[in-house]
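# Descriptive analysis of the structure
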Amino acid sequence: MSAIIVIGAGHNGMTTAFYLAKAGHKVTMLERRPVVGGCAATEEFALGFRAPLANAVGPLRRSVIRDMGLATRVQFIHPDPRLVALSPDGRALPFSADIGRTAEAIGAFSQNDARRYPEFCETLRRLGVFLSGLFDLTPPSIDAPAAGEMWEMLKVGKRFRALGRTDSFRLLRWGPMAAADLVSEWFETDLLQAAVASRGVFGRRWAPGPPGVAPCCS
Amino acid sequence: MNKYDVIVIGGGHNGLVNAAYLAKAGRKVLVLERRHVLGGAAVTEEIYPGFQYSVASYVVSLLRPEIIRELDLPRHGLEILPLDGTFTPMPSGDHLWRVNDHAKTRREIARHSKLDAEAYDEYGKAMMEMGRFVKPILTMTPPDPTSLEPRGLMNLLFLGRRFQALSDQDKYNQVQLMTMSAVDFLDQWFETDVLKATMSASGIIGTFLGVRSPGTAYVLLHHYMGEIDGAFRSWGLSRGGTGAISLAIADAAREAGAEIRTETAVSKIIVKDGAASGVVLANGDYITADVVSSSVDPNLTFLKMVGTEHLPSGFVDDVKRYKYRGSSGKVNLALDALPNFTAMPGAGPHLRGAISISPGVEYMERAYDEAKYGRYSRRPYIDMVIPSLTDPSVAPPGKHVMSCFVQYAPYNLKEGGTWDDHREAFGDTVINTIAEYAPNIKDIILHRQVLTPLDIERTFGLTEGNIFQGELTLEQLFFLRPAPGWAQYRTPVKSLYMCGSATHPGGGIMGAPGRNAAQKIIKDGRR
């Protein structure tokens, strides 16, 4: 057991503190602001109005939700539709959790796109499962990988092969690709392209054009 | 009589290299070139009487030394003359002039920043290491990362081992190079704006990307790997213009027994039972061969000459997705005298190297901004060379030839009208830009040839005017070039091969695709 100070009580600091405390360490968290949460804090920004001032809810890791028992402490609300893309011509394209319903909405813009959307989602899901496995890994040191890290990388390699030829090539191609290029390979409707590509640029400095943003689309 | 072992489509430098190696291996080879001259984009033409223009490609550095050696190109007339330095005039009247003489360049950079002068040494060493790491990859057939084929696995293992052998810092540099933007990468080393702008320019050449777009750092290295006489990063000119390189290779091919026909356009590749068995010419003639090796790009090879009915649909999708997006133009000038730069007046040695209009990073990025929305840059990046100063044979005595590579000129123009309507206005923009640095330029022009991306497509058969037969971006390199699963010079059509710049390791007067493909064809033939 050791005494550990965690600097910053944002969601990452708190997650670190949680696992350390659970492992029996004596943990002290230090937060500069009067509220905890960092970017993930909800605050009353005008009298009676509360909002998360910085962050939208991200893809909180399932393992973290489980380990902390968050399901009983927080009520997760999933709005539906979860995104509405607005066009200057007055039309709107709602994205609902139900892929079929979204495809139907897309059909009002393009039948081709409506047909391709379910395949696009299914492909991203498969690749997402693979990538999500990487998120639980500590990146190996590239200059002197430890044996354990090599083992983890080997497992990644095995799962990569299990993706199959088409998907593994997709992953290799899409990784460095611009989000705008990726969506234009799939869809013809500008509004749909922009809505899907915008998910590749949240919190990134680049516009949808330059490469390297495609992976965030998932 | 009309039966060959191999027909090579396209008499550009890669097609000719391919033919030369195949002929040397005893194959009966026929090269078919659509134009009246050989060389493809590596061509010299007398467009204006007395002046020899290197119409498209204008400098050489990437030509593989093993090709020069194995084809004995100097004996066939190849002579590379050194091109010393890069001169960047600035609007302030100052300049940056880097030369091969290391001490001199250091002093020059120190004039702008002492820190940068020190970093320049470190940078040179680091890039040299990176280049050494990447070099063997150039002559390698890319492995298929999804297959368990032993040879491919050995290659992957070999790459892994080489990567492990790099120093820690070089490993991180390598990873950064593969993913960062040219400017972000250079920002880590330097503070002088004009230095970063000029260096970053080689990261965008032939791509539809800006100096701040991720992935451009790799292109930086691609151009850094230039190798003449074994020295990294030295650029040169070939005596007689760039076309002389192609003619030397053609001579080597003919000596080895290859037959070369010009003004012979191929319209179709004959496919029978899933295998290529020859070609149909534009005049309707048939020529049969056991193997067809195409040096033209995938759009022409597969969509025009083979036809989608002979190809798997997934492959057709990949070929259609392959990105060309030509982004550059070329202006060739016949000059009555030398341009006089305000930043360094007179006919000094600064005119003997490359002259770069790249005065700042923001200037470069603004040039890209316009192209993103379909306009050609109103103040473009220009790379100029005056070959007549080094090789007087290309112009009459006292007169000069000047090559201006211009970026950005987007193939898909959204200015109203086509490139045919904007050609001369584009040419004027280039001259006006140069005039801001060398005011006498307008008075000394005897003749001007303007090549828009549309002209490059029409003249050289380069789809969308892309000078590299497809962008050199990460998703189109190595085992993804030109299509996932088809990076080994073979195609879904049996006995049809690819040997042009659209295959690994890509464009530039390198010759590696032609040589690698020839080795593949020879090896497959032994089975």
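Note that the coordinates shown come from a computational prediction; the quantities given were computed from them, not determined experimentally.

Thresholds, definitions, all that
Residues numbered from 1 in each chain as written. Chains lettered and ligands numbered in written order. Predicted model: local features only at pLDDT ≥ 70, side-chain atom pairs only at ≥ 80, totals over all residues. Heavy atoms only, no water. Salt bridge = Lys/Arg side-chain N within 4 Å of Asp/Glu carboxyl O. Helix = DSSP H or I, 4+ residues; strand = E, 2+ residues; numbered from the N terminus. Buried < 20%, exposed > 50% of the residue type's maximum accessible area, 1.4 Å probe, protein only. Phe/Tyr/Trp six-rings, centres within 6.5 Å; stacked < 30°, edge-to-face > 60°. 1 Å grid on protein atoms, 1.4 Å probe; cavity = no way out; pocket = protein on both sides within 12 Å on 5 of 7 lines; lining within 4 Å. Points joined across faces, edges and corners; volume = space filled by probe spheres on them. Nonpolar A, V, L, I, M, F, W, Y, C, P; charged D, E, K, R; others polar. pLDDT = per-residue confidence, 0-100. Pairing = 2+ DSSP bridges. Axes fitted to C-alpha atoms, helices over the stretch in contact; angles between N-to-C directions. Contact = heavy atoms within 4.5 Å. Buried area = accessible area lost by both parts, 1.4 Å probe. Polar contact = N/O pair within 3.5 Å; in protein donor to acceptor, adjacent residues only side chain to side chain.

Turning to the pattern of salt bridges, a few remarks are in order. Considering all chains together, one arrives at 45 salt bridges over all chains under this definition. Residue Arg111 of chain B is joined to Asp94 of chain B by a salt bridge in which the shortest nitrogen-to-oxygen separation is 3.2 Å. On the criterion of sequence distance, the pair formed by Arg111 of chain B in helix 3 (residues 102-112) and Asp94 of chain B in the loop between strand 6 (86-89) and strand 7 (95-98) is long-range, its members being 17 residues apart. You can call Arg111 of chain B partly exposed: its relative accessible area is 44%. Residues participating in the shared-partner salt-bridge network are Glu119, Glu122, Arg125, Arg126, Asp167 and Arg170 of chain A.

Looking now at the packing of aromatic side chains. Counted by the stated rule, this structure contains 24 aromatic pairs over all chains. Considering the side-chain rings of Phe208 of chain B and Tyr368 of chain B, the 6.1 Å spacing of their centres and the 70 degrees angle between planes classify their relative orientation as edge-to-face. With Phe208 of chain B in the loop between helix 8 (193-201) and helix 9 (216-224) and Tyr368 of chain B in helix 13 (residues 361-372), this residue pair connects regions lying 160 residues apart in the sequence. The same class applies to Phe208 of chain B as to Tyr368 of chain B, namely buried. Each ring, one from Tyr368 of chain B and one from Tyr408 of chain B, has its centre 5.3 Å from the other, and the planes form 45 degrees; the classification is tilted. Of this pair, Tyr368 of chain B sits in helix 13 while Tyr408 of chain B sits in the loop between strand 18 (400-407) and helix 14 (419-435); the two residues are 40 residues apart in sequence, bridging distant segments of the chain. Overall, the relative accessible area of 0% leaves Tyr408 of chain B in the buried class. Through pairs of rings, three or more aromatic residues link up here, namely Phe95, Tyr117, Phe120, Trp174, Trp186 and Phe187 of chain A.

The tally for this structure, following the rule as stated, stands at three cavities of 30 Å³ or more. Of the voids in this model, the largest cavity is the one considered here, and its volume is about 90 Å³. Lining the largest cavity, in full, are Arg173 and Glu185 of chain A together with Asp318, Arg321, Tyr322, Lys323, Glu475, Gln476, Leu480, Pro482, Ala483 and Pro484 of chain B. In terms of residue class, the lining of the largest cavity is built from five nonpolar, one polar and six charged. In this structure, the second largest cavity occupies an estimated 50 Å³ of space. Across the lining of the second largest cavity, the residue classes tally to four nonpolar, four polar and one charged.

What follows covers the confidence of the model for chain B. Residues at a pLDDT of 70 or more form 97% of chain B, whose mean pLDDT is 93. Interface confidence for the predicted complex, given as ipTM, is 0.77, next to a pTM of 0.90.

Moving on, we come to the sheet that holds strand 6 of chain B. Sheets are built from strands paired through backbone hydrogen bonds, the pairs being either parallel or antiparallel. Residue and element names in this part refer to chain B. Spatially, 7-6-16-17-18-15-19 is the arrangement adopted by the seven strands of the open sheet, whose pairing is mixed. With one partner strand each, in any of the chains shown, strand 7 and strand 19 (445-451) form the two edges of the open sheet. For this sheet, the mean angle separating the axes of adjacent strands, direction not counted, is 15 degrees. By the bridge criterion, six bridges tie strand 15 (residues 328-335) to strand 19 in an arrangement that is antiparallel.

We now examine the interface of chain A and chain B. Listed as interface residues are 18 residues of chain A and, on the opposing side, 25 residues of chain B. Counting each side, the surface lost to burial between chain A and chain B is near 2100 Å², with a carbon and sulfur contribution of 59%. Where chain A packs against chain B, one counts four salt bridges. On inspection of chain A and its partner chain B, the count reaches two residue pairs in polar contact (both at pLDDT 80 or more). Counting only elements with at least two residues in the side of chain A that touches chain B, the list comes to helix 6 (147-162), helix 7 (165-174) and helix 8 (179-186) of chain A. In terms of residue count, helix 7 of chain A provides more of the side of chain A that touches chain B than any other element does, five residues in total. Looking at the side of chain A that touches chain B residue by residue, the class counts come to 10 nonpolar, one polar and seven charged.

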